[in-house]
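Geometric and topological summary
The residues making up each chain are set out below.
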Amino acid sequence: MEDLNPFHIAQTQFARATQFVSADAGILGSLIRPFRVTRIEFPVEMDDGTYQVFTGFRVQHNNARGPYKGGIRFHPDVSEDEVKALAAWMTWKTAVVEVPFGGAKGGVICDPKRLSVREKRAITRRYTMQLGNTIGPTVDIPAPDVYTDASTMAWIFDTYDMTHPGSNNLPVVTGKPMELGGSHGRETATARGCIVCVEEAIARGMVDGVKTMADARVVVQGFGNAGSFAAQFAHDGGAKVIGLSDSRGAIMSAAGLDPKAVLAHKQDTGSVVGFPGSSQVSATELMELECDVLIPAALENQITAENAGRIHAKLIAEAANGPTTPAADDQLFQRGVHVIPDILANGGGVTVSYYEWVQNIQDEQWEPEVVDAKLRKKMTRAFHAVFNFAAEKSIDARTAAYALAVDRVARVTAMRGIWP
Ligand code: GLU
């Protein structure tokens, strides 16, 4: 049986890359595990007057290149090892896209679909309060992730600001609402960065028979923040979005789906399923559809040893974190299926988080075009650095991205010297 523990997977990916990095073995050894794991248990009063105890985590993997940075996830399947993997992926991601942050991640085990807004706010405030000074504008800066959003970030900011009066606390968290220190383009940034990578891959001739986005048939798994905007941007570029899914089911249409209309349908009915003119397919069938570009934009372990052989896409762009296992990576690489790895493909989110943080520190608000141009430039540069290195070494792009990232973190660690 394949080991699907995300932290073990992150460690396997790291180990594969180290042979392409010339760094001190002791320094490399310090990058395998997180610097700090915080686990908190906290009671919350629910709407019916009962008390429920929740478990939350904040894992700080590495801060050699800058303050810890990474999102907070609310999901029933959150576990310590998942958050440890996600934190490590943030370290490598910030290094791949070259923003001056380290890597961290948070998570609370809960089912947001069964929580009221008041309950979510209470969970968020209590979790933030108990993290205390382990987060802070120059220490560790949270952001949205699965089932958290700008409202959640507003509550984190407010909680931190109430307990740290008298300073500019806006940069304590990114992904905030526009009216409260948010940045233009942050909400769409993960998807925008992912689609920039897809465009560059097409321009590099990596997708057989596809010369521009307008030739591409695209499948998007997951219709949350990353997936819904990725589908929209692909559609705006002229692509045919032939398949979409959310946690409740999957749909397809050979003629193409209009992501905006699907989103409106989901807002009305709670799911993409039943969208007029589409036919329902199983989650398995969606992943295996004949298409040019597959964008996994949901959770980990979606492309595994079990189904990798049945993936028909020519290019996989990982908007999600950790969607492909190492065994699946091997199979895809042997079959010549290109994978734009998560630590590159979804790095647009944290890139615009960095821009938001800079704007907050400078008390400025940049125009949307400024943010978009900066994001494009950064993503394009990172994309070609990774694929050039992969081509040079004849290795898969994930290993190449890791090697560049690990090298950057190891170098800075050596430069600073080990404390004391
Ligand atoms: N949660 C997002 C990610 O996985 C964004 C992190 C951030 O902006 O700090 O990359």
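In short, a report on the structure. Everything quoted here is computed from the prediction, not taken from an experiment. (Residues numbered from 1 in each chain as written. Predicted model: local features only at pLDDT ≥ 70, side-chain atom pairs only at ≥ 80, totals over all residues. Heavy atoms only, no water.)

1. Considering the site of the ligand
So the rule is basically this: The nearness test applies per residue and asks whether one of its heavy atoms lies within 4 Å of the molecule or strand. Side-chain atoms alone can form a polar contact between residues adjacent in sequence; in general such a contact is a pair of N or O atoms within 3.5 Å, and within protein one must be able to donate a hydrogen while the other accepts it. Note that accessible areas follow from Shrake-Rupley with a 1.4 Å probe, and for residues the cover is restricted to the protein chains shown. Strands here are runs of E lasting at least two residues and helices are runs of H or I lasting at least four, both read from the DSSP assignment and numbered beginning at the N terminus. Any residue outside Ala, Val, Leu, Ile, Met, Phe, Trp, Tyr, Cys, Pro, Asp, Glu, Lys and Arg is labelled polar, Gly included; the first ten of those are nonpolar and the last four are charged.
In the vicinity of the ligand there are 14 residues, among which K69, K93, P144, D145 and S353 approach most closely. Take D145: an N or O atom from its side chain is 2.8 Å from a nitrogen atom of the ligand. Contact between the ligand and S353: an oxygen atom at 2.6 Å from a side-chain N or O atom of the residue. Expressed as a share of its isolated accessible area of 290 Å², the protein-covered part of the ligand is 95%. For the shell around the ligand, the secondary structure elements donating two or more residues are β3 (68-75), α3 (80-96), β5 (140-144) and α12 (347-362). Among the residues making up the shell around the ligand, the classes are represented as 4 nonpolar, 5 polar and 5 charged.

2. Remarks on helix α5 (residues 150-163)
This is how the line gets drawn: A helix is expected to reach a length of 1.5 Å times the quantity of its residues less one. To sort residues, take the accessible area from a 1.4 Å probe on protein chains only and compare it with the maximum for the residue type: under 20% means buried, over 50% means exposed, and anything in between is partly exposed. Contacts: residue pairs with any heavy atoms within 4.5 Å of one another.
Counted at 1.5 Å a residue, the expected span for α5 with its 14 residues is 20 Å, and the 20 Å between its end C-alpha atoms agrees. By the burial criterion, the buried members of α5 are T152, M153, A154, W155, I156, F157, T159 and Y160. Close packing links the buried residues of α5 with β3, α4 (117-131) and β5. For α5, the side-chain oxygen to backbone nitrogen distance between the N-cap and S151 is 3.1 Å, and the N-cap itself is D149.

3. Digging into the packing of helix α6 (residues 189-203) against α12
Helix packing for two helices is described by the angle between their axes and how far apart those axes are. Note the threshold: Helix axes are fitted only over the stretch in contact, all axes being lines through C-alpha atoms; the angle between N-to-C directions runs from 0 to 180 degrees. Note on angle classes: values under 35 degrees are labelled roughly parallel, values over 145 roughly antiparallel, values of 65 to 115 roughly perpendicular, and the remainder oblique. The handedness criterion is simple: a crossing whose near helix is rotated anticlockwise from the far helix by less than a right angle is left-handed, and one whose near helix is rotated clockwise is right-handed.
Where α6 contacts α12, the axes come no closer than 6 Å and their chain directions differ by 125°. Here α6 is positioned oblique relative to α12, judged by the angle of their axes. Where α6 crosses over α12, the handedness of that crossing is right-handed. Residue-level contacts link A189, T190 and G193 of α6 to G348, G349 and V352 of α12.

4. A look at the sheet that holds strand β7 (residues 240-246)
What counts is decided by this rule: DSSP-based pairing: two strands are paired if at least 2 bridges between them are found.
Sheet architecture is open: 7 strands sit in the order β9-β8-β7-β6-β10-β11-β12, paired in mixed fashion. Looking along the sheet, the strands with just one partner apiece sit at the ends: β9 (279-281) and β12 (338-340). This sheet shows a mean twist of 20° between the axes of neighbouring strands, independent of strand direction. Sheet topology note: the strand β8 (residues 249-252)/β9 ladder contains 3 bridges and is antiparallel.

5. Structural notes on the packing of aromatic side chains
Each aromatic ring pair is summarised here by two numbers: the centre-to-centre distance and the angle between the ring planes. To keep things clear, this is the line we draw: Any pair of Phe, Tyr and Trp rings, taking the six-membered ring for Trp, is counted once the centres come within 6.5 Å. Such a pair is stacked with planes under 30 degrees apart, edge-to-face with planes over 60 apart, and tilted for the rest.
By the definition in use, this model includes 11 aromatic pairs. Geometrically, the ring pair formed by F42 and Y127 is tilted, given 6.4 Å between the ring centres and 50° between the ring planes. On the criterion of sequence distance, the pair formed by F42 in strand β1 (residues 36-45) and Y127 in helix α4 is long-range, its members being 85 residues apart. Each member of the pair, F42 together with Y127, is buried. Ring geometry for F383 against F387: centres 4.6 Å apart, planes inclined by 25°, an arrangement best described as stacked. In this pair, F383 and F387 are both assigned in helix α13 (residues 368-393), 4 residues apart and thus about one turn of the helix distant.

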